[in-house]
Amino acid sequence: MEPIICFEHVFKSFGGQAVLQDFSLEIQSGTFLTVIGRSGCGKTTALKMVNGLTRADSGRVLVQGKDVAQADPVALRRRIGYVIQSVGLFPHMTVEKNVAYVPSIAGMDGWKGQARREKTAALLRQVGLDPALAGRFPSTLSGGQRQRVGIARALAAGPEILLMDEPFGAVDEITRAQLQEEMQRIHRESGITILFVTHDIGEALKLGTRVLVMDQGQVQQCDTPEELVRHPATAFVEALVEPQRRLKYYG
Amino acid sequence: MELLQDIFTLYVERADWFAELLAAHMGLALTAIGLAGVLGLLIGIGIAQYPRIAPPVMGVCNVLYTIPAISLLGILIPFSGVGNETAVIALTIYGIMPMVRNTYVGLTTLDPDILEAAEGMGSTRLQSLLRVKLPMAAGVILAGVRNMVVMTISVAGIASFVGAGGLGVAIYRGITIYNPAMTAAGSILIALLAILCDLALGALERYFKQKGT
C-alpha cells in the first residue's frame, strides 16, 4: 500500500544549524504515529513540513503521493487538521465559529445556520464536550476545554491527516489522561492518520500505534511501542525506554 | 460670573449662528476624519503586510505629525489656497499618523501562535487579515480612531485662520473684536463636541477589547 505521508532524504537547516539530516520516513494510512525526541531534534520541523508551513532545503515530502512543494499550500492545509500546544483559538469568535472555521474559509456546503449548529454540536460531543458550550468565547473556557475545542476545529473539515504538536503539554495531569483517551477513541472510530509530537515517552508509548524516536535530525527508530521497548535499536532509544522497561518488567 | 452670563446670552441670542458654525465644524471634522481613517487604515495594513517599508512610512508620518498645525496651514496655502479644502487637507495629514501607528502596532503585536493556527488551517493571506488579524486588532485600531477624532475636532478650531468655517470662526472673531465671551463660547462647544465623541468611542473601544482579547 502506498504510504499516506512520505519523507524522502529531507535536509533542513535554520541559520547554519542542521535540524533534519537525511530524514526519510514512510507513514501508512491509519497510523497513530507519535514522534518523540529532545527539544530541537527536528520533530516539530518534520511535522510542519507535512502541511507546508516549513519547506525542505532538499529532498521531498509527499502527502497522498503528491509533492508538498508543488501543491497549493492553502488547499493542502485545508485537508490536514492542525493542533498546536497553545491551541490558538480565535479569541473574537465563539466556540461554534472557531470549530466551523475551516469549512467556512473553504466555502464548504452545509455549514450555514442550523446545519452548522448541528455539525458543531456533533463535533463537540465527539471530543467530549457539552454542545451547550457552542456560544461561549474561548476566554471563558478551561485549558482542557480549549484544547478539546482545538481538536474539534481540526476535525471539522473531515481531514484524513491530523497533525498535533505537543497538544497536551500545557494541561494538568488528570486532564491530559482524559484527552489521551479521547484521542485514542477518535483514532479508533475515524481511522484518521495522526502525527503526534510529544516529549513525554510515556505518552508516546501509550498513544502510538507506531513510535518514531528522533535525535539530531535523524530517525533513531520507528517501530511499534512493544518493539521499541523490547528491542531498542540505538543507545539513545535504550536510554529513553529504560525507565518504561523497568516499570513493565519489575514494577 | 459675568463672562458665563455673557456666554449664555450669546448662545441664546445667536443660537442660529452657533448652530451653523457647529454644523460647519462637524462637516469639516467628519470629512477629515473619514479621509484620515480610510487612508491611515489602508497605509497601516499595507506596512503591516510588508514590514520592510514600515520604517520609512512611519518616519514620514511622524515628521508630518510634528509640524505645528498653524504652520502646516500656512505651508498649504500656496498649493490649495484658502478655505475649507486647505483645512481638510491639513486635518487629514494630522489624523493619518495616529491611524497608521495604531493599525500597524495592532496588527503586528498579535499572538503568533494564533496567526500560525490560521495559516496552518489553510487561510489565504486575505482571509487571515479580514477574519483573524483585523478583528483581533480592532481594540487597538479603535484607540487610534478615538485619538484621531478628538484631535481633529479640536485642531479644526484653528481652520478659520485660513478662511475655513466652523467654530473657529467664533473664536477668531471674538479675538479680533475683543469679545472674550464669543471666543469662550466657541471653545466650549468644541470641547463639548470632542468630549462627547471621546465618550462614545471609548464605550465602543471597551466593547471590542472585551471581545477581542
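Everything quoted here is computed from the prediction, not taken from an experiment.

Colleague: Looking at this structure, I do not really get the packing of helix 2 (residues 15-49) of chain B against helix 8 (residues 168-176) of chain B. What am I missing?
Modeller: A pair of packed helices is captured by two measures, namely the crossing angle of their axes and the spacing between those axes. Residues and elements named next belong to chain B. Following both chains from N to C, one finds helix 2 and helix 8 inclined at 125°, their axes separated by 8 Å at the closest point. Classified by the angle their axes make, helix 2 and helix 8 are oblique. Of the residues in helix 8, those in contact with W17, F18, L21 and H25 of helix 2 are G168, V169, A170 and R173. Its residues assigned to classes, the contact of helix 2 with helix 8 comprises 5 nonpolar, 2 polar and 1 charged.

Colleague: Looking at this structure, how should I read the interface of chain B and chain A?
Modeller: When the parts of a complex come together, some accessible area is lost, and that lost area is often taken as the interface size. Listed as interface residues are 18 residues of chain B and, on the opposing side, 23 residues of chain A. Summing both partners gives a buried area of about 1,900 Å² for chain B against chain A, and 60% of it is carried by carbon and sulfur. Taken as a group, B:E116, B:M121 and B:R131 account for 34% of the area that chain B buries against chain A, more than any other trio of residues on that side. Close ionic contact of A:K48 with B:E116 constitutes a salt bridge, the shortest N to O distance being 3.0 Å. Residue assignment for the side of chain B that touches chain A shows that the elements contributing at least two residues are helix 6 (112-120), helix 7 (125-155) and helix 9 (180-212) of chain B.

Colleague: In this structure, what is going on with the sheet that holds strand 2 (residues 17-27) of chain A? I would like to understand it.
Modeller: Across a sheet, strands are paired by hydrogen bonds formed along the backbone, either parallel or antiparallel in direction. Residue and element names in this part refer to chain A. The strand order across the open sheet built from 4 strands is 2-1-4-5, with neighbouring strands paired in antiparallel fashion. A single partner strand is all that each edge strand has here, and the edge strands are strand 2 and strand 5 (66-67). Strand direction decides the pairing type here: strand 1 (residues 5-14) and strand 4 (residues 58-63), joined by 5 bridges, are antiparallel. Bridge pairing in strand 4 places E8 opposite R60. Where helix 1 (residues 43-50) meets the sheet, it contacts strand 1, strand 2 and strand 4, and its direction lies at approximately 125° from that of strand 1.

Colleague: How should I be thinking about the layout of surface pockets in this particular structure?
Modeller: Empty pockets left among the atoms are what a rolling probe the size of a water molecule brings to light. Approximately 380 Å³ is the volume found for the largest pocket. Forming the boundary of the largest pocket are 20 residues, of which A:M93, A:K97, A:S104, A:R116 and B:R131 lie nearest the centre. Every element with two or more residues in the lining of the largest pocket is listed here: helix 4 (101-105) of chain A together with helix 7 and helix 9 of chain B. Here the second largest pocket is characterised by a volume of approximately 240 Å³. In terms of lining, the second largest pocket is formed by A:R77, B:A48, B:Q49, B:P51, B:L115, B:E119, B:S123, B:T124, B:R125, B:S128 and B:K133. Elements that contribute at least two residues to the lining of the second largest pocket include exactly helix 2, helix 6 and helix 7 of chain B.

Colleague: Would you mind showing me how to read the confidence of the model for chain B here?
Modeller: Atom-level detail of predicted coordinates should not be read off regions where pLDDT is low. Averaged over every residue, the pLDDT of chain B is 93; the share at 70 or more is 99%. The ipTM for the predicted assembly is 0.89, set against a pTM of 0.88.

Colleague: I tried to follow the pattern of salt bridges on my own but got confused; where do I start?
Modeller: When the charged atoms of two side chains with opposite charge come close together, those side chains can pair. Per the stated rule, a full pass over the model turns up 14 salt bridges over all chains. One salt bridge in this structure joins A:D57 and A:K12, with 3.6 Å as the shortest N-O distance. You can see A:D57 sitting in the loop between helix 1 and strand 4 and its partner A:K12 sitting in strand 1, a full 45 residues away along the chain. Judged by relative accessible area, which is 12%, A:K12 ranks as buried. For B:E205, the salt bridge goes to B:R146, with nearest N and O atoms at 3.0 Å. Of the two residues, B:E205 sits in helix 9 while B:R146 sits in helix 7, which places them 59 residues apart along the sequence. The class for B:R146 is partly exposed, based on a relative accessible area of 24%.

Colleague: Explanation requested: the nonpolar core in the structure shown.
Modeller: Where a protein is soluble and globular, its nonpolar side chains tend to be buried together. Core analysis: the biggest nonpolar cluster contains 42 residues, and B:W17, B:F18, B:L107 and B:I153 have the highest contact counts within it. Looking at this core, the elements with two or more residues in it are helix 1 (2-13), helix 2, helix 3 (54-66), helix 5 (84-108), helix 7, helix 8 and helix 9 of chain B. A:L133, A:L162, A:M164 and A:I194 belong to the second-largest nonpolar core, a separate cluster that totals 32 residues.

Colleague: Honestly, the sheet that holds strand 8 (residues 193-198) of chain A in this entry has me stumped. Any pointers?
Modeller: Residues and elements named next belong to chain A. One open sheet holds the 6 strands; their spatial order is 6-7-8-3-9-10, and the pairing between them is mixed. For this open sheet the edge positions go to strand 6 (80-84) and strand 10 (218-223), each flanked by a neighbour on one side alone. Sheet twist, expressed as the average angle between the axes of neighbouring strands with direction ignored, equals 15°. Two elements, strand 9 (residues 210-215) and strand 10, share 5 bridges in a ladder whose sense is antiparallel. Looking at strand 10, one finds that V213 is bridged to Q221.

Colleague: Just checking my understanding: could you explain the pairing of strand 9 of chain A for this structure?
Modeller: Residue and element names in this part refer to chain A. With 5 of its 6 residues buried, strand 9 lies for the most part within the structure. Where strand 3 (residues 32-36) and strand 9 come together, 4 bridges link them in parallel fashion. Of the residues in strand 9, the one forming a bridge with V35 is L212. Count of turn residues in the strand 9/strand 10 antiparallel hairpin: 2 residues, of which Q216 carries a positive phi of about 50°.

Reading guide: rules and limits
Residues numbered from 1 in each chain as written. Chains lettered and ligands numbered in written order. Predicted model: local features only at pLDDT ≥ 70, side-chain atom pairs only at ≥ 80, totals over all residues. Heavy atoms only, no water. Axes fitted to C-alpha atoms, helices over the stretch in contact; angles between N-to-C directions. Helix = DSSP H or I, 4+ residues; strand = E, 2+ residues; numbered from the N terminus. Parallel < 35°, antiparallel > 145°, perpendicular 65-115°, else oblique. Contact = heavy atoms within 4.5 Å. Nonpolar A, V, L, I, M, F, W, Y, C, P; charged D, E, K, R; others polar. Buried area = accessible area lost by both parts, 1.4 Å probe. Salt bridge = Lys/Arg side-chain N within 4 Å of Asp/Glu carboxyl O. Pairing = 2+ DSSP bridges. 1 Å grid on protein atoms, 1.4 Å probe; cavity = no way out; pocket = protein on both sides within 12 Å on 5 of 7 lines; lining within 4 Å. Points joined across faces, edges and corners; volume = space filled by probe spheres on them. pLDDT = per-residue confidence, 0-100. Buried < 20%, exposed > 50% of the residue type's maximum accessible area, 1.4 Å probe, protein only. Core = buried A, V, L, I, M, F, W, Y, C linked by side-chain atoms within 4.5 Å.

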